[in-house]
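# Tertiary structure, described
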Amino acid sequence: MEVKARAPGKIILTGEHAVVHGSTAVATSIGLYTYVSLRFTTPSDDEDLLKLHLKDTALEFSWPVSRVRGAFPESAAQLSSTPTSCSVENAKAIAALVEHLDIPEAKIGLASGVSAFLWLYSSIQGFKPATVVVTSELPLGSGLGSSASYCVALAAALLACTDSVSTDVNHQGWLSFGEKDLELVNKWAFEGEKIIHGKPSGIDNTVSAYGNIISFKSGNLTHMKSDMTLKMLITNTKVGRNTKALVAGVSERMLRHPDIMAFVFSAVDSISNELTAILKSPTPDELSVTEKEEKIEELMEMNQGLLQSMGVSHATIETVLRTTLKYKLASKLTGAGGGGCVLTLLPTLLSGTVVDKVVSELESCGFQCFIAEIGGTGVEINFGASS
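Residues numbered from 1 in each chain as written. Predicted model: local features only at pLDDT ≥ 70, side-chain atom pairs only at ≥ 80, totals over all residues. Heavy atoms only, no water.

Okay, the packing of helix α10 (residues 315–326) against helix α11 (residues 352–364) next. The interhelical angle for the contact between α10 and α11, taken along N-to-C directions, is 155°, at an axis separation of 10 Å. When the axes of α10 and α11 are compared, the pair comes out roughly antiparallel. Crossing geometry of α10 relative to α11 is assigned as right-handed. Residues Val320, Thr323, Thr324 and Lys326 of α10 form the contact with α11, whose own contacting residues are Val358, Glu361 and Leu362. Taken together, the residues of the contact of α10 with α11 break down into three nonpolar, two polar and two charged. (Axes fitted to C-alpha atoms, helices over the stretch in contact; angles between N-to-C directions. Helix = DSSP H or I, 4+ residues; strand = E, 2+ residues; numbered from the N terminus. Parallel < 35°, antiparallel > 145°, perpendicular 65-115°, else oblique. Left-handed = near helix turned anticlockwise from the far one by under 90°. Contact = heavy atoms within 4.5 Å. Nonpolar A, V, L, I, M, F, W, Y, C, P; charged D, E, K, R; others polar.)

Given below as structure tokens:
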């Protein structure tokens, strides 16, 4: 059997950093995907290997199935209906399997992703020979949820080939999971995220699994749908950032200026709530769309100003802001800041010529640009070979 899964990345529309201090944040899926293809080896292939091919980085890894089986206690396999955390004992077994791989020093960060693969595969599928191919439209480490997208797509492909979920193998094209099955995919993806990140919030994998828009506050997630089609220019500054240090910096500023920062966080909360109301309200005509987009632009600009007051901007982010402002477009950083990615709303009535000019100017600065719609579907599977 062969199955393909795709899961979207994510952006934070409003509320980053302030959410740590009790404010509401709004996240949404974006139309950029990670794809996972799973094909089980047949007896005629005469291969007893588990293979992982990370196409975008041109890396291929393989393990004799007997070695993978020997590394894990039998109890680690065939638990597909019960998401299980990787124990210290199993983490050591995985580390031994990864240790002998020829991962270049420059790409050593991928080792945690390989570890997540080994845990998810052995836990859900046991010890069968197979080939798994991963490709992604998401840049790594840029705050667009690439690792969560990877874990969600991987969990979906693996679960689709078990009795733990209900899938129609004869369906043509991309197929969504039912609510109960989606919950299982998301829980397994979270276990993969824990191997990669240690203590993830669970927001990234939830947005990737369910799609659409999620608001979150004090650990509570609220799913919502919008009939607005928003298009974003996403600019990757290619500047890596230390999320932990940036979060700590905001907290230190809070300690130094508690009254002022409390007002900042309260303002961010209001922005997130107003944005949520705009996205959820019906949009009957073009005039309403334009009015909504203008309001969203203002909210983005205000949120960016507050993020600057938190001290999480960066010279490259400011360059993107100045460039897009020349074309009267609103932008804000997304995620941790200190580099990473910047969002620019592309209004419905904006001409393609202007978009081309903006992208050209940003790319001339060495930035990477993507254009994607937000709030689309979550993870999907496909049993056809070509789609």
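Here the narrative resumes.
Our next topic: the nonpolar core. Counting residues in hydrophobic clusters, the biggest one holds 60 residues, and the most contacted among them are Leu38, Leu52, Phe61, Trp63, Phe117, Leu118 and Ile381. Looking at which element gives the most residues to this core, the answer is helix α4 (residues 146–160), with 11 residues. Contacts of Leu52, omitting those with residues within four sequence positions, involve Leu59, Glu60, Phe61, Trp63, Val114, Phe117, Val132, Val134 and Tyr150. If you look at the next biggest cluster of nonpolar residues, it comprises 52 residues, including Ile11, Leu13, Ile234 and Cys369. (Core = buried A, V, L, I, M, F, W, Y, C linked by side-chain atoms within 4.5 Å. Buried < 20%, exposed > 50% of the residue type's maximum accessible area, 1.4 Å probe, protein only.)

All right, on to the sheet that holds strand β12 (residues 368–373) then. Read across the open sheet, the four strands follow the order β10-β11-β9-β12; overall the sheet is antiparallel. A single partner strand is all that each edge strand has here, and the edge strands are β10 (331–334) and β12. Across this sheet, the average inter-strand angle for adjacent strands is 30°, counted without regard to direction. Across four bridges, β10 lies against strand β11 (residues 341–346) in antiparallel orientation. Bridge pairing in β11 links Lys332 to Leu343. Relative to β10, helix α9 (residues 286–310) is tilted by about 55°, and along the sheet it contacts β9 (231–236), β10 and β11. (Pairing = 2+ DSSP bridges.)

Running from amino to carboxyl end, helix α7 (residues 243–256) crosses helix α8 (residues 258–280) at an angle of 125°, the nearest separation of the two axes being 5 Å. Overall, the two elements α7 and α8 adopt an arrangement that is oblique. Only Pro258, Met261, Ala262 and Phe265 of α8 make contact with α7, whose side of the interface consists of Val250, Arg253, Met254, Leu255 and Arg256. Looking at the contact of α7 with α8, its residues break down into seven nonpolar, no polar and two charged.

Mapped onto the elements of the fold, Ala277 is located in helix α8. Looking at Ala277, the relative accessible area reads 48%, which means it is partly exposed. C-alpha separation for the pair Ala277 and Ser226, spaced 51 residues apart in sequence, amounts to 10.0 Å.

Turning next to the side chain of Thr41. Within the element layout of this structure, Thr41 appears in the loop between β2 (25–40) and β3 (49–54). On the basis of relative accessible area, Thr41 is assigned to the buried category, the value being 15%.

Each regular strand shows side chains that alternate between the opposite faces of the sheet. When β2 meets strand β5 (residues 130–136), the two strands line up antiparallel, connected through seven bridges. Bridge assignment links Ser37 to a residue of β5, and that residue is Val133. Where β3 lies against β5, five bridges are found, and the strand directions are parallel. Across the sheet, Leu54 pairs through a bridge with Val134, a residue of β5.

Okay, unusual backbone geometry next. Positioned with a positive phi, His17 is a non-glycine residue whose angle comes to about 70°. In this fold, His17 is placed in the loop between β1 (2–14) and β2. By relative accessible area, which is 7% here, His17 ends up buried.

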